[in-house]
Amino acid sequence: MNKNTFRLTEGAILLAIYTILMLITLYIPGLGLVVNFFLPIPFMMFAAKHQWKQSLIFFIAAVILSLIVGTFLAIPLTLLYGLTGVVMGAMVKAGRSRLATYVAGSIVFLAVTLAQYAVSIVLFNMNMIEEFIVTFQQSIDTSVNMLEGMGQTVDEAVIEQFESSIALLETLMPSMFVMASFMIVFLIQLVSFPIMRRFGLDVQKWIPFRMMTLPKSLLWYYLLSLLASMLIQPEVGSYWYWALTNLIFILQFLMLFQGFTFIAHVSYIKGYSKAVLIVAIILSFLIPIVLYIIRILGIIDLGFDLRKRFEKKG
């Protein structure tokens, strides 16, 4: 069997696998939520073995097949997971690190998501975020009216808190898009790379979590963002308020990540159980003050190489 015949056969098999996964995702809701993380695998496996041109042809064939076999909804699904899979597969073929592959895949996933969101607004006049916010606001109004109809007094402070939460959620939507994209691609890597290894593909491994550290420049961006927020004090709803709020939110999350890696590093040096990190993560989402402490640890570690001091003591 020559190379072209083998490539066509392999491509046809992977397209068939993708079609089955796509149909399960579209028509079996419960199972589809799980299967949808496996959708990029056929694209990743093909792109990891072949050149960009062949991978692009494979992707176009998948889009056409989605239109024929699936519904109109299958096209956005294939564009999103197909392009992400092709890029990640190409990164694997180039021998790039696991982190570089992860970042590249996340950026592509985010870009395609934003592009599809923009198209849905421009062409179909569908703004899912606005619809979600309106629905959320209506549910609050309905609950308040029901309580008032039952003769109960509704605390105005509680209503204001809910409305403030809605406004903040609307402001932070860009950050939510970013974080959701990186989380989804992380899960895609988690399920896809072991499968790719089983088929003999050379996939780089993650460095240990305890050894991960962010660039020091992020700390300066974080401090400058906080300073700008205090000096400018932008009006709620303005562009600067929107930009600074999202930037600070993402950087705060990164400082928290640095704090978790610091805890993992110290636990390793001291010989503590890995459960220490798991407990710290759980508590940080349950108790706000724990979250703040871990974030401060991340800031100190990033700025003053705190983990090196523990290495010397250890």
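Because the structure is predicted, anything quoted here is derived from the model rather than measured. (Residues numbered from 1 in each chain as written. Predicted model: local features only at pLDDT ≥ 70, side-chain atom pairs only at ≥ 80, totals over all residues. Heavy atoms only, no water.)

Q: So what's going on with the overall build of the protein? Which residues, and what values?
A: Along the protein, the regular secondary structure elements total 14 helices and zero strands. Each helix and strand of the protein, placed in order from N terminus to C terminus, yields the pattern α-α-α-α-α-α-α-α-α-α-α-α-α-α. Taking the principal axes of its C-alpha atoms as reference, the protein extends roughly 75 × 65 × 35 Å. Per-residue burial for the protein yields a buried fraction of 37% across its 314 residues. With the model as given, the accessible surface of the protein reaches about 18800 Å², and the carbon-plus-sulfur share is 71%. Taking the average place of the 20 positive charges on the side chains of the protein and the average place of its 15 negative ones, the gap between the two points comes to 30 Å. (Helix = DSSP H or I, 4+ residues; strand = E, 2+ residues; numbered from the N terminus. Buried < 20%, exposed > 50% of the residue type's maximum accessible area, 1.4 Å probe, protein only. Areas by Shrake-Rupley, 256 points an atom, 1.4 Å probe, with all protein chains shown as cover. Lys, Arg positive; Asp, Glu negative; His and termini not counted. Charge placed at Lys NZ, Arg CZ, Asp CG, Glu CD.)

Q: So what's going on with the environment of Ile-166? Which residues, and what values?
A: Its place among the elements puts Ile-166 in helix H8 (residues 156-171). Given a relative accessible area of 4%, Ile-166 falls into the buried group. When the C-alpha atoms of Ile-166 and Val-134 are compared, they prove to be 9.5 Å apart, with 32 residues separating the residues in sequence. In this view, Ile-166 contacts Ile-133, Phe-136, Gln-137 and Ile-140; residues no more than four positions away in its chain are not counted. (Contact = heavy atoms within 4.5 Å.)

Q: Requested: an account of the environment of Leu-286, with residues and values cited.
A: Here Leu-286 lies in helix H12 (residues 275-286). Between the C-alpha atom of Leu-286 and that of Thr-213, which follows or precedes it by 73 residues, the distance is 25 Å.

Q: Explain the environment of Phe-249 to me, using residue names and the numbers behind them.
A: Summarising the element assignment, Phe-249 is placed in helix H11 (residues 239-270). For the pair Phe-249 and Tyr-222, spaced 27 residues apart in sequence, the C-alpha to C-alpha distance is 9.5 Å. For Phe-249, the contacting residues outside a window of four places in its chain are Leu-172, Ser-175, Met-176 and Met-179.

Q: Describe in detail a nonpolar patch on the surface, supporting the description with residues and values.
A: On the surface, Trp-220, Leu-223, Leu-224, Leu-227, Met-230, Leu-231, Ile-232, Tyr-239, Trp-240 and Trp-242 cluster together into a nonpolar patch covering about 1200 Å² of accessible area. For the nonpolar patch, the elements supplying multiple residues, two or more each, are helix H10 (217-232) and H11. In terms of residue count, H10 provides more of the nonpolar patch than any other element does, seven residues in total. Tracing the backbone shows Trp-220 in helix H10. Using a relative accessible area of 59% as the deciding quantity, one classes Trp-220 as exposed. (Patch = residues over 30% accessible without salt bridge, like charges linked within 9 Å, V, L, I, M, F, W, Y side chains within 5 Å. Salt bridge = Lys/Arg side-chain N within 4 Å of Asp/Glu carboxyl O.)

Q: Can you tell me about helix H13 (residues 288-304), naming the residues and giving the values?
A: Under the 1.5 Å per step criterion, the end-to-end length of H13 is 24 Å for 17 residues, consistent within 8% with the ideal 24 Å. Inspection of H13 places Val-290, Leu-291, Ile-294, Arg-295, Gly-298, Asp-301 and Leu-302 among the buried residues, and these make up the whole buried set. Take H13 and look down its axis: the buried residues cluster within an arc of 135 degrees, on one side only. Turned more than 90 degrees away from the buried face of H13, the exposed residues are Pro-288, Ile-289 and Phe-304. (Expected span 1.5 Å × (residues − 1). Arc of directions from axis to C-beta.)

This is a description of form; function is not addressed.
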